[in-house]
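Listed below are the residues making up each chain.
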Amino acid sequence: MKKRLLILEDGTVFQGEAFGSEQSSQGEVVFTTGMTGYQETITDPSFYGQIVTFTYPLIGNYGINSDDFETIAPVIRGVVVRELTKIPSNFRSEITLDEYLKTHNIPGIEGIDTRKLTRIIRSKGAVRAMLTAAGEEVNVDEIVKQLNETPYLKNHVKEVSTKMPFPSPGRGKRVVLMDFGMKNGILRELNNRHCDVLVVPYNTPAEKIMSFRPEGILLSNGPGNPADVTEAIETIKELIGKVPMFGICLGHQLIALACGAKSYKLPFGHRGGNHPVKNLQTGVVEITSQNHGYVIDENSLEGTDLEITHVSLNDGTIEGLKHKKHPVFSVQFHPEASPGPEDSNYLFDEFIALMERAGEEIAYAKA
């Protein structure tokens, strides 16, 4: 295999072996702690523009299959692993991880000290980096200068949201799903509950959304800084109180911003399938799947109509909110569990129940 470098903006250089695409790539390096679920991670649109480091040392051992994609076209910038499995062993495997990354022009590097890289990210925060082209000789100083002069990406959501509305029919509750970088797992959970779903672009106006006569609105996950998605924030302001609303990850943050709260960037984010979250309403601790770099500032909730429902037991950050007056709630983690534990899957049932109660209240008012 050809050699490849991973060069960080602080000048740190890792040398390893190239796999996947032979081309170079530049992005923000982050790490995820999941022991399984690398296929779902690689195809999660929330990783747009990022080079993903897997802390679990062996990746690729069960290959890639056609059932576990979270999106059809992955948008990550690279993959970093300690050891890549060349010959996967699993009855569901169809192609290797190496073959999959080649197909989608995504470079990878293996054989580096991923523990050292993770410690750098934990101490300095997510950093800009470049994966060099396979076998290419480069000037490290020039690349470091280029990295430090490169602005961080914006408008992530615009790049990953659907461009046109599309239906996912069912005979249950009619749900409009605002796509900010939706994982297929969210749509699957709604379909499993027979919802009649219409997926719409992130910038669909409130008036247009209400013209579909939804019984509920779900705000999906997605990449980037929630404060950059100004069109969606204004739309959510108009929609709150009209029909029940459920926000997941970025959708959770956008609800908070629409209600007057503020967000801030974490040093290295929460990414993995093993994050403990306490449900303050029940006292139950749930192990959750997470992938986000921003959280809501607890101090900014004062004066809003939001109250905290879930908190992270790792760092105390907000993991769930609900509106005091309207049928609106949200969580920072991923209840669809793709990948990860299914402890929080019940939240989709709560969304269905919220829509049913709202429908009963409307029927009673008309009577």
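Residues numbered from 1 in each chain as written. Predicted model: local features only at pLDDT ≥ 70, side-chain atom pairs only at ≥ 80, totals over all residues. Heavy atoms only, no water.

**A short note on the environment of Ile255**
Checked against the element boundaries, Ile255 lands in helix 9 (residues 250–258). Separated by 68 residues in the primary sequence, Ile255 and His323 place their C-alpha atoms 9.4 Å from one another. Among all residues touching Ile255, those that are not within four sequence positions of it are Leu219, Ile236, Met245, Phe246, Gly247, Val328, Phe329 and Ser330. (Helix = DSSP H or I, 4+ residues; strand = E, 2+ residues; numbered from the N terminus. Contact = heavy atoms within 4.5 Å.)

**Here's the deal with the environment of Glu298**
Here Glu298 lies in the loop between strand 16 (285–296) and strand 17 (306–312). Take Glu298: its relative accessible area is 46%, and that puts it in the partly exposed class. Excluding its chain neighbours within four sequence positions, the residues that come into contact with Glu298 are Ile308 and Ile318. (Buried < 20%, exposed > 50% of the residue type's maximum accessible area, 1.4 Å probe, protein only.)

**Quick look at the packing of helix 8 (residues 230–239) against helix 9**
Their axes nearest at 9 Å, the elements helix 8 and helix 9 cross at an angle of 70 degrees. By the criterion of interaxial angle, the relationship of helix 8 to helix 9 is roughly perpendicular. Once helix 8 is placed against helix 9, the crossing between them reads as right-handed. Of the residues in helix 9, those in contact with Ala232, Ile233, Ile236 and Lys237 of helix 8 are Leu254, Ile255, Leu257 and Ala258. Here the residues of the contact of helix 8 with helix 9 are counted per class, giving seven nonpolar, no polar and one charged. (Axes fitted to C-alpha atoms, helices over the stretch in contact; angles between N-to-C directions. Parallel < 35°, antiparallel > 145°, perpendicular 65-115°, else oblique. Left-handed = near helix turned anticlockwise from the far one by under 90°. Nonpolar A, V, L, I, M, F, W, Y, C, P; charged D, E, K, R; others polar.)

**Overview of a positive patch on the surface**
Taken together, Arg82, Arg115, Lys116 and Arg119 make up a surface patch of like positive charges. For Arg119, the position within the fold is in helix 3 (residues 114–124). Classification of Arg119 as exposed rests on a relative accessible area of 53%. (Patch = residues over 30% accessible without salt bridge, like charges linked within 9 Å, V, L, I, M, F, W, Y side chains within 5 Å. Areas by Shrake-Rupley, 256 points an atom, 1.4 Å probe, with all protein chains shown as cover. Salt bridge = Lys/Arg side-chain N within 4 Å of Asp/Glu carboxyl O. Lys, Arg positive; Asp, Glu negative; His and termini not counted. Charge placed at Lys NZ, Arg CZ, Asp CG, Glu CD.)

**Observations concerning helix 9**
In terms of residue burial, helix 9 counts as a mostly covered element, since nine of its nine residues are buried. Where helix 9 is concerned, the buried positions are Leu250, Gly251, His252, Gln253, Leu254, Ile255, Ala256, Leu257 and Ala258. Where helix 9 terminates, the next one or two residues include Gly260, which has phi positive at roughly 105 degrees.

**Some words on the packing of aromatic side chains**
Scanning the model with the defined rule gives six aromatic pairs in all. Linked through ring pairs, Phe246, Phe329, Phe348 and Phe351 together constitute an aromatic cluster. The ring of Tyr152 carries the charged tip of Lys265 above its face, separated from the ring centre by 5.0 Å. (Phe/Tyr/Trp six-rings, centres within 6.5 Å; stacked < 30°, edge-to-face > 60°. Lys NZ or Arg CZ within 6 Å of the ring centre and 35° of its normal.)

**Examining unusual backbone geometry**
That bond from Ser338 to Pro339 is cis: its omega, 0 degrees, falls within 30 degrees of zero. Inspection of the secondary structure assignment puts Pro339 in the loop between strand 19 (328–331) and helix 10 (346–366). If you check the backbone angles, Cys249 has positive phi at about 60 degrees while not being a glycine. Tracing the backbone through its elements, the reader meets Cys249 in the loop between strand 14 (245–248) and helix 9.

**Regarding the sheet that holds strand 1 (residues 3–8)**
Spatially, 1-2-8-6-4-3-9 is the arrangement adopted by the seven strands of the closed barrel, whose pairing is mixed. Averaged over neighbouring strand pairs, the angle between their axes works out to 35 degrees when direction is ignored. Note: strand 3 (residues 25–32) against strand 4 (residues 50–54), five bridges, orientation parallel. Considered in strand 4, the bridge of Glu28 is made with Gln50. Strands strand 1, strand 2 (13–20), strand 3, strand 4, strand 6 (78–81) and strand 9 (127–131) of the sheet are contacted by helix 3, whose axis makes an angle of about 90 degrees with strand 3. Where helix 4 (residues 140–149) meets the sheet, it contacts strand 1, strand 2, strand 3 and strand 9, and its direction lies at approximately 45 degrees from that of strand 1. (Pairing = 2+ DSSP bridges.)

**Quick notes on the sheet that holds strand 18 (residues 318–323)**
Sheet strands associate in pairs through backbone hydrogen bonding, adopting either a parallel or an antiparallel arrangement. As summarised here, the arrangement of the 10 strands in space is 10-12-11-13-14-19-18-17-15-16, forming an open sheet in which the pairing is mixed. Every other strand in the sheet has two partners, leaving strand 10 (166–168) and strand 16 as the edge strands with one partner each. Neighbouring strand axes in the sheet, compared pairwise and without regard to direction, differ in orientation by 25 degrees on average. The pairing of strand 10 with strand 12 (residues 196–201) spans three bridges and is antiparallel. The residue of strand 12 that forms the bridge with Pro167 is Leu198. Contacts from helix 9 reach strand 13 (216–219), strand 14, strand 15 (263–279), strand 16, strand 17, strand 18 and strand 19 within the one sheet, and its direction differs from that of strand 14 by about 120 degrees.

**As for the side chain of Thr288**
As for its position among the elements, Thr288 is in strand 16. By relative accessible area, Thr288 is classed as buried at 1%. At 3.0 Å, the side chain of Thr288 and the side chain of Gln290 are in polar contact. Those residues in contact with Thr288, other than ones at most four positions away along the chain, are Gly272, Gly273, Asn274, His275, Val277, Phe333, Pro341 and Ser344. (Polar contact = N/O pair within 3.5 Å; in protein donor to acceptor, adjacent residues only side chain to side chain.)

**Brief notes about the pairing of strand 1**
The element strand 1 is largely enclosed, with a buried count of five among its six residues. When strand 1 meets strand 2, the two strands line up antiparallel, connected through five bridges. Bridged to Ile7 within strand 2 is Val13. Between strand 1 and strand 2, which pair antiparallel in sequence order, lie four residues; one of them, Gly11, sits at a positive phi of approximately 95 degrees. In this sheet, strand 9 lies alongside strand 1 in antiparallel orientation, the contact comprising three bridges. Looking across to strand 9, one finds that Leu6 is bridged to Leu131.

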